[in-house]
Amino acid sequence: MLKTQKPAVDPLDLCAVRTALSDEERLVQDSVAKFVDDEVLPIIGECFEHGRFPRELVPKLAALGVLGCSIEGYGCAGLNAISYGLICQELERGDSALRSFVSVQSSLCMFPIHAYGSEEQRRRWLPQMASGEIIACFGLTEPHGGSDPANMKTYARRKGGDWILNGSKTWITNGCIADLAVVWAQTDEGIRGFLVEKDFKGFATAPIKHKMSLRASITSSLFLDNVVVPEANVLPNVVGLKGPLSCLTQARYGICWGVIGAAQGCLAQALEYTTTRALFGKPLAATQAVQIRLADMARRIASSQLLALQLGRLKDAGHLSPIQVSLAKWNNTRAALDVARQARDLLGGAGITVEYVPIRHALNLESVVTYEGTETIHQLTVGRALTGFDAF
Ligand code: TGC
Ligand code: FAD
C-alpha cells in the first residue's frame, strides 16, 4: 500500500511548542540534542545493558553548561526555567540516567547550596560542581520509608563547634561516586542540611546492585557512623522539611520536561518501525488499530508538552506552586510510561531488546514514577490542595 499523505505536522511536537520558544531557548535545545545524538545514543544501550554510568560524559555535560544552569554566577550559565526544562527533555531522550545525574547535581545539590548556603560555601563548592570536578549526591530517603521524610531517623547532635551525624540513607543517586553528599538530618532544632565530604571519617557508601531500571545510573546507600561535620559545612539558611522539599520542587519541575524526551524517543521509534514493517500485505502503520495507538501516544506527548511549557512560564514569572509541579510530575511521568509501554508492544519481539529504545525507557520510567515523590504522593498532594484534608 502506498502512502497517500505526507505528515503535515511534527509527530513529536503536534502543538508546535517549539514555535513558542525564544531563539536562545531553541539554541540551548539544539546544542543538547546534538550532544545526545552524537555522544549519548551511540553508547547508552550498552551502558544500560552492562549497568555502567557513562562517567566520561560528565566533563562534556559541564562544557555544555548544563550543570547548575539555572544559577547566576559561580561559573553557572544563568539560563531560564524553560531552557532548563528543554535540557532535561533532550537528556532524557537519551536516557533517564543522564537527566537524573543532572537533576541531582543541579536541582538537588547546587540549588540548596546556592539558596541556603553561606557565601563561603557557594564560592567553595559551586564553581567546581558546575565544571563537573565535584560530583554530589542528595541524601534524604531512608530505608524505613522514603515517602515520609518528616519521620527521618538520621540525627545530628551538636558537640562543641561541630555536629555528630548518625544514620543511613538509601536509594541515593550518584552516592558511590560523589565527592560531596548533601545529607538532611533531624536535629534538636528541626531538619537541617549537612555538606558531608566523602573522606569524612565514619562516612561510607555502598552500591545498590541488581537494578532492572536506571541501570546506567549509580544508586547507593550512605552510612553515617559518628561523622564529625564542622559548622562551616552546615547550610545556615534553612531549618525544617521545607529545605529538602523545596529542592525536590526544582528537580520535579525538570522531570516534568525530562520524561517528554523519553516518550518522544519511543514514539519516534514506534513510527519508524510500524511504517516500515509490512504484515498482511500492508505496513503496520496503515492499520486502524496501530494508527489509533500512535495517535494516542502523540496526544499524551502534546498535552505533556503544553503542561510543561505553562509550568516553565509560571516558574520564570516566579509564580509556580509545588501543587502544579505535583500535578505535572504525576501526569507527564504516567503519560511517558504509557507511551513507552505502547511502543515496546508495537515493536513486537524486537521491543524487548536494548537494540531499540522503548524497553530501556519503559524500565527507567518505572523508577521515575517512584522517585522524587511516588505517583500516589503527588495524587495525594493534589487531593489535599483540592479538599483541605491531609490523607497521607
Ligand atoms: P508538609 O507539612 O506538607 O510540609 C512541611 C513543610 O515543607 C513545606 N513544603 C514545601 N516547600 C517547598 N516545596 C515543596 N514541594 C513543599 N512541600 C511542602 C511546607 O510548606 C511546610 O513548611 P513549614 O514552613 O510550614 O514547615 O509535610 P508532610 O510531612 O505532610 O509531607 C508532605 C509530603 C508527603 C508531600 C512530602 O513528605 C513528600 O513530598 N514526600 C515524598 C518524598 C520525596 O519525594 N522524596 C524524594 C527523595 S529525592 C529523590 O527521589 C531523587 S531521585 C534522583 C533524581 O531526581 O533523578
Ligand atoms: P515507600 O515510601 O515505602 O512507599 C511504598 C509504596 O507505598 C509506594 O507505592 C507509595 O506510593 C505508597 N504510599 C506511601 N505512602 C502512602 C500513603 N499515605 N497512602 C497510600 N500509599 C502510600 N532518594 C534520595 O533521597 N536521593 C536520591 O538521589 C534518590 N535517588 C533514587 C534513585 C532511584 C533509582 C530510586 C528508585 C529511588 C531514589 N530515591 C532517592 C528514593 C526515592 O525518592 C524513594 O524510593 C521514594 O521517595 C519512595 O520511597 P520508598 O521507596 O521508601 O517507598
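Refer to the preceding data block for the structure.
Here the structure is a predicted model, which means the values were calculated and not measured.

## Description of the overall build of the protein
Argument step 1. Counting its regular elements, the protein contains 10 helices and 11 strands.
Argument step 2. Taking 2.2 N^0.38 as the reference for a compact globule, 392 residues should give roughly 21 Å; the C-alpha atoms of the protein span a radius of gyration of 21 Å, in line with that estimate.
Argument step 3. With respect to the three principal axes, the spread of C-alpha positions in the protein is 80 × 40 × 40 Å.
Argument step 4. For the protein, the proportion of its 392 residues judged to be buried stands at 54%.

## A closer look at empty space enclosed by the protein
Argument step 1. Taken as a whole and judged by the stated rule, the model has two cavities of 30 Å³ or more.
Argument step 2. Of all the elements in the fold, those that place two or more residues in the lining of the largest cavity are α6 (242-276), α7 (288-316) and α8 (322-346).
Argument step 3. Among the elements that make up the lining of the largest cavity, the one with the highest residue count is α8 (four residues).
Argument step 4. Considered class by class, the residues forming the lining of the largest cavity number seven nonpolar, two polar and one charged.
Argument step 5. Volume-wise, the second largest cavity comes out at about 30 Å³.
Argument step 6. In terms of lining, the second largest cavity is formed by L140, T141, E142, H144, G145, G146, D148, P149 and M152.

## Concerning the layout of surface pockets
Argument step 1. Of the voids in this model, the largest pocket is the one considered here, and its volume is about 1200 Å³.
Argument step 2. What lines the largest pocket is a set of 45 residues, among which G146, L248, R252, E372 and G373 lie closest to the centre.
Argument step 3. Mapped onto the lining of the largest pocket, the elements with two or more residues apiece are α4 (96-116), β5 (162-173), α6, α8, α9 (358-370) and α10 (375-387).
Argument step 4. Considering each element in turn, the lining of the largest pocket owes the most residues, seven residues, to α6.

## Section: the site of ligand 1
Argument step 1. The local shell around ligand 1 holds 27 residues, among which S100, T249, R252, E372 and G373 are the closest.
Argument step 2. Y371 is positioned such that a nitrogen or oxygen atom in its side chain is 3.3 Å from an oxygen atom of ligand 1.
Argument step 3. Within the side chain of E372, a nitrogen or oxygen atom sits 2.4 Å from an oxygen atom of ligand 1.
Argument step 4. In the complex, the protein chains occlude 72% of the 1100 Å² of accessible area that ligand 1 would expose alone.

## Digging into the pairing of strand β7 (residues 192-197)
Argument step 1. Across the six residues that make up β7, a large majority, six, are buried.
Argument step 2. Of the two faces of β7, the one carrying R192, F194 and V196 and the one carrying G193, L195 and E197 are both buried.
Argument step 3. Summarising the sheet, strand β6 (residues 180-185) and β7 pair through six bridges and their orientation is antiparallel. The residue of β7 that forms the bridge with A185 is R192.
Argument step 4. Count of turn residues in the β6/β7 antiparallel hairpin: six residues, of which G190 carries a positive phi of about 120°.

How each quantity is defined
- Residues numbered from 1 in each chain as written.
- Chains lettered and ligands numbered in written order.
- Predicted model: local features only at pLDDT ≥ 70, side-chain atom pairs only at ≥ 80, totals over all residues.
- Heavy atoms only, no water.
- Helix = DSSP H or I, 4+ residues; strand = E, 2+ residues; numbered from the N terminus.
- Rg over C-alpha atoms; globule rule 2.2 N^0.38 Å.
- Buried < 20%, exposed > 50% of the residue type's maximum accessible area, 1.4 Å probe, protein only.
- 1 Å grid on protein atoms, 1.4 Å probe; cavity = no way out; pocket = protein on both sides within 12 Å on 5 of 7 lines; lining within 4 Å.
- Points joined across faces, edges and corners; volume = space filled by probe spheres on them.
- Nonpolar A, V, L, I, M, F, W, Y, C, P; charged D, E, K, R; others polar.
- Near = heavy atom within 4 Å.
- Polar contact = N/O pair within 3.5 Å; in protein donor to acceptor, adjacent residues only side chain to side chain.
- Areas by Shrake-Rupley, 256 points an atom, 1.4 Å probe, with all protein chains shown as cover.
- Pairing = 2+ DSSP bridges.

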